[in-house]
Amino acid sequence: MKQKKKLKIGIVGAGGIAHAHMKHYMDFNDVEVVGACDIIPGRAREFLDKYNLIGAPAFEHVKDMVKNVQMDGASVCTYNTTHAECCIVLFEAGVHVLCEKPMSFTLKEGVDMVRAARKAKKILTIGFQPRHDFMHQKVDNLIGSGAIGKVYYMQSGGGRRRGIPGGTFVEKDKAGFGCLGDIGCYSIDQCLNAIGYPKPLTVSAMATNYFGKNPKYWPGAKTFEVDDFSVAFVRLEGDVTFVFKQSWAMHADTLGDTLWLGTEGAIKVTTGFESHNKESRIMYYTDVNGQHIDSVVLPTIPFNAYASERPMDMWFGKMRTFVDAIHKNGPAPVPGEQILYNQAICDGIYRSAKLGKEVEIKIPKI
Ligand SMILES: NC(=O)c1ccc[n+]([C@@H]2O[C@H](COP(=O)([O-])OP(=O)(O)OC[C@H]3O[C@@H](n4cnc5c(N)ncnc54)[C@H](O)[C@@H]3O)[C@@H](O)[C@H]2O)c1
């Protein structure tokens, strides 16, 4: 068999999640990690050395990295508010990009990223590893088959009872938003991807921080700067309504089930992204000749198995599909153009919650 070309990959941002990227790249025999950068002095060097990449150069600024290292692709693992600037520098240098989720903080940043990728004719893929999750794929498959007809209503589910992550996730200048950008973007992706990502039109939202700002529940209350709960009513093209809710902390075990209501049936996932419910399962509801049918969608492997116990580890899927896309020069596995709609909803929720009224979503022409 023909040996694949060894791809040269760089890593931008050497904090927590960069290690998950690095571990997978190190496992791929068609990838060579050729450099890393991080604005914290010494952090990129320490990161590379940890993986014995002593000869790979370390930088503080992505601009220096692209000047000095030739790369086919790069992972952007910086905090949310610097995703756009780093991606754009990489595209201008002709590098394909896997950018961590959420795509960015503002919609404008997302638009700039997509424009830069288009101009450079490079891949922009966003790091939503649940796309490779067995359960998510079953739902996508069922809804895509037409089993529930036209979907007119969706609601996200799950949520954390106590799950404020801390670190840079609660700093406004770094994360931009809190729970919404951290785990909310996953719920949006799960619901919208199952029905082909319709365009969002309007959002009416509210966001709170009753837990993050309360020292009884969060030791860093004095410096907590973002949302820990948000809820929204979103109108989408094609007469679809989407009720979004997500929490880092609350006095309940779940915000409810994830649900898609269609004209011929419904799908319910009895937990959201963060499961407190060990009985999590997919239900399929329909009507046959006037009879109400409730069915459990049988998994071929247990639902509660960790990703690594599943036939395809979702992190492996995320990293491998990016590398394969570089070999083929596209398409992006989770295209930036599509995730712009996700970003537009996050941006709309943020704006609407701030203004205290419904806002229109206007996505500029790319
Ligand atoms: N997919 C997942 O499961 C997952 C999990 C955790 C975090 N994330 C995402 O990954 C991103 C990073 O999260 P983290 O937990 O690693 O945060 P982190 O704060 O631990 O690391 C971010 C690193 O980026 C560096 N950085 C920031 N701006 C930079 C710039 N302009 N150039 C170079 N380096 C820069 C910081 O100095 C820091 O070391 C976030 O967007 C987060 O949402 C994804």
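Small disclaimer: the values here were computed from a predicted structure and weren't measured.

### Here we look at the overall build of the chain
Phase 1 of the analysis: Summing up its helical and strand segments, the chain has 10 helices and 15 strands in all.
Phase 2 of the analysis: Against the globule reference of 21 Å for 366 residues, the chain gives a C-alpha radius of gyration of 21 Å, in line with a compact fold.
Phase 3 of the analysis: Once the C-alpha set of the chain is aligned to its principal axes, its extents read approximately 70 × 55 × 40 Å.

### A few points about the sheet that holds strand E12 (residues 265–269)
Phase 1 of the analysis: Sheet architecture is open: 9 strands sit in the order E14-E13-E12-E11-E7-E10-E9-E8-E15, paired in mixed fashion. Each end of this open sheet is capped by a strand with a single partner; those strands are strand E14 (291–297) and strand E15 (359–360).
Phase 2 of the analysis: Across 5 bridges, E12 lies against strand E13 (residues 282–288) in antiparallel orientation. Of the residues in E13, the one forming a bridge with Ile267 is Tyr284.
Phase 3 of the analysis: Contacts from helix H6 (residues 134–144) reach strand E7 (151–155), strand E11 (258–262), E12, E13 and E14 within the one sheet, and its direction differs from that of E12 by about 175 degrees.
Phase 4 of the analysis: Sheet strands touched by helix H8 (residues 179–194): E7, strand E8 (200–208), strand E9 (229–236), strand E10 (240–247) and E11. Its angle to E10, the strand with the most contacts, is close to 150 degrees.

### Some words on the domain arrangement of the chain
Phase 1 of the analysis: Domain annotation for the chain reports domain 1 (7–130 + 315–335) and domain 2 (133–310 + 343–360).
Phase 2 of the analysis: Distance from the C-alpha centre of domain 1 to the C-alpha centre of domain 2: 27 Å.
Phase 3 of the analysis: Across the boundary between the two partners, domain 1 contributes 14 residues, which contact 18 residues of domain 2.

### Examining the site of the ligand
Phase 1 of the analysis: For the ligand, the set of nearby residues contains 26 residues, the closest of which are Gly13, Gly15, Gly16, Glu100 and Thr168.
Phase 2 of the analysis: When its residues are assigned to classes, the shell around the ligand shows 11 nonpolar, 10 polar and 5 charged.
Phase 3 of the analysis: Split by domain, the residues of the shell around the ligand number at least three in each of domain 1 (7–130 + 315–335) and domain 2 (133–310 + 343–360).

### Things to note about the pairing of strand E2 (residues 31–37)
Phase 1 of the analysis: Among the 7 residues that make up E2, 6 are buried, leaving the element largely enclosed by the rest of the structure.
Phase 2 of the analysis: As paired strands, strand E1 (residues 7–12) and E2 are joined by 6 bridges and run parallel to one another. Opposite Leu7, over in E2, you have Val31 as the bridge partner.
Phase 3 of the analysis: Regarding topology, helix H1 (residues 18–27) serves as the crossover connection from E1 to the parallel E2, and that connection is right-handed.
Phase 4 of the analysis: Inspection of the sheet shows E2 paired to strand E3 (residues 58–59) by 2 bridges, in the parallel sense. Among the inter-strand pairings, Ala36 is bridged to a residue of E3, identified as Ala58.
Phase 5 of the analysis: For the crossover that starts at E2, traverses helix H2 (residues 43–50) and ends in the parallel E3, the hand is right-handed.

### A short note on the environment of Ala332
Phase 1 of the analysis: In this structure, Ala332 sits in the loop between helix H9 (314–328) and helix H10 (336–355).
Phase 2 of the analysis: With 236 residues separating them in the primary sequence, Ala332 and His96 have C-alpha atoms 9.4 Å apart.

### Remarks on H6
Phase 1 of the analysis: Residues His136, Val139 and Ile143 constitute the buried set of H6. Projected down its long axis, H6 carries its buried residues within an arc of 65 degrees, all on one side.
Phase 2 of the analysis: Looking at the buried positions of H6, the neighbouring elements they touch are E7, H8, E11, E12 and E13.
Phase 3 of the analysis: Just beyond H6, the residue with positive phi is Gly146, at close to 90 degrees.

### Re the nonpolar core
Phase 1 of the analysis: Grouped together as the largest cluster of nonpolar side chains are 111 residues, with contacts concentrated most on Cys87, Leu90 and Val97.
Phase 2 of the analysis: Residue assignment places this core across two domains, with domain 1 (7–130 + 315–335) and domain 2 (133–310 + 343–360) each supplying three or more.
Phase 3 of the analysis: The contacts of Leu90, once residues within four sequence positions are left out, are Val62, Val66, Ala74, Val95 and Val97.

### Observations regarding the sheet that holds E1
Phase 1 of the analysis: What the 6 strands build is an open sheet, ordered E3-E2-E1-E4-E5-E6; its pairing is parallel. The outermost strands of the open sheet, each flanked by one partner alone, are E3 and strand E6 (124–127).
Phase 2 of the analysis: Alignment of strand E4 (residues 73–76) against strand E5 (residues 96–100), held across 4 bridges, turns out to be parallel. Residue pairing for E5: Gly73 is matched across the bridge by His96.
Phase 3 of the analysis: Set on the sheet, H9 makes contact with E1, E2, E4, E5 and E6; between it and E6 the angle comes to about 175 degrees.

### Comments concerning the packing of H6 against H8
Phase 1 of the analysis: As a packed pair, H6 and H8 sit with axes 8 Å apart at the nearest point and diverge in direction by 30 degrees. When the axes of H6 and H8 are compared, the pair comes out roughly parallel. Together, His136, Val139, Asp140 and Ile143 of H6 and Gln190, Asn193 and Ala194 of H8 make up the contact between the two elements.
Phase 2 of the analysis: When the residues that make up the contact of H6 with H8 are grouped by side-chain class, the tally is 3 nonpolar, 3 polar and 1 charged.

### Some remarks on the packing of helix H5 (residues 107–120) against H10
Phase 1 of the analysis: Orientation of H5 relative to H10, taken along the N-to-C sense of each, is 170 degrees, at an axis distance of 9 Å. Relative to H10, the element H5 lies roughly antiparallel. Here Leu107, Gly110, Val111, Met113, Val114 and Ala117 of H5 come into contact with H10, specifically with Gly336, Glu337, Leu340, Gln343, Ala344 and Asp347.
Phase 2 of the analysis: Of the residues assigned to the contact of H5 with H10, the class counts are 7 nonpolar, 3 polar and 2 charged.

Parameters and conventions
- Numbers given to residues run from 1 along each chain, matching the order in which its sequence is written.
- In keeping with the model being predicted, local features are shown solely for residues with a pLDDT of at least 70 and side-chain atom pairs are shown and tallied solely at 80 or more, while totals for entire chains, interfaces and linings include all residues.
- Put simply, DSSP H or I for four residues or longer makes a helix, DSSP E for two residues or longer makes a strand, and each gets a number counted from the N terminus.
- Within these notes, the globule rule equals 2.2 Å times the number of residues to the 0.38 power, and the radius of gyration is based on C-alpha atoms.
- What makes two strands pair is DSSP finding at least two bridges between them.
- Residue pairs are scored as contacts if the distance between their C-beta atoms, which are placed from the backbone, is within 7 Å.
- Structural elements are reduced to axes, namely lines fitted to C-alpha atoms, with helices fitted over the stretch in contact, and the angle between N-to-C directions of any two is expressed from 0 to 180 degrees.
- Domains are outlined according to an automatic or database domain assignment.
- Each residue receives a C-beta atom placed from its backbone. It is near a molecule or strand if this atom lies within 6 Å of it.
- Only Asp, Glu, Lys and Arg are considered charged in this grouping, and only Ala, Val, Leu, Ile, Met, Phe, Trp, Tyr, Cys and Pro are considered nonpolar; every other residue, Gly among them, is considered polar.
- Buried residues are those with 20 or more other C-beta atoms within 10 Å of their own C-beta, exposed residues have 12 or fewer, and partly exposed residues lie in between; C-beta atoms are placed from the backbone.
- Crossover handedness is defined by viewing with both strands directed away from the observer: a clockwise path from the first strand over the helix to the second marks the crossover as right-handed.
- An arc is given here, and it is the one of the directions from the helix axis to the C-beta atoms.
- In plain words, the nonpolar core is the set of buried Ala, Val, Leu, Ile, Met, Phe, Trp, Tyr and Cys residues that C-beta atoms within 7 Å link up.
- Any angle that falls under 35 degrees is termed roughly parallel, while one over 145 is termed roughly antiparallel, one within 65 to 115 roughly perpendicular, and all others oblique.

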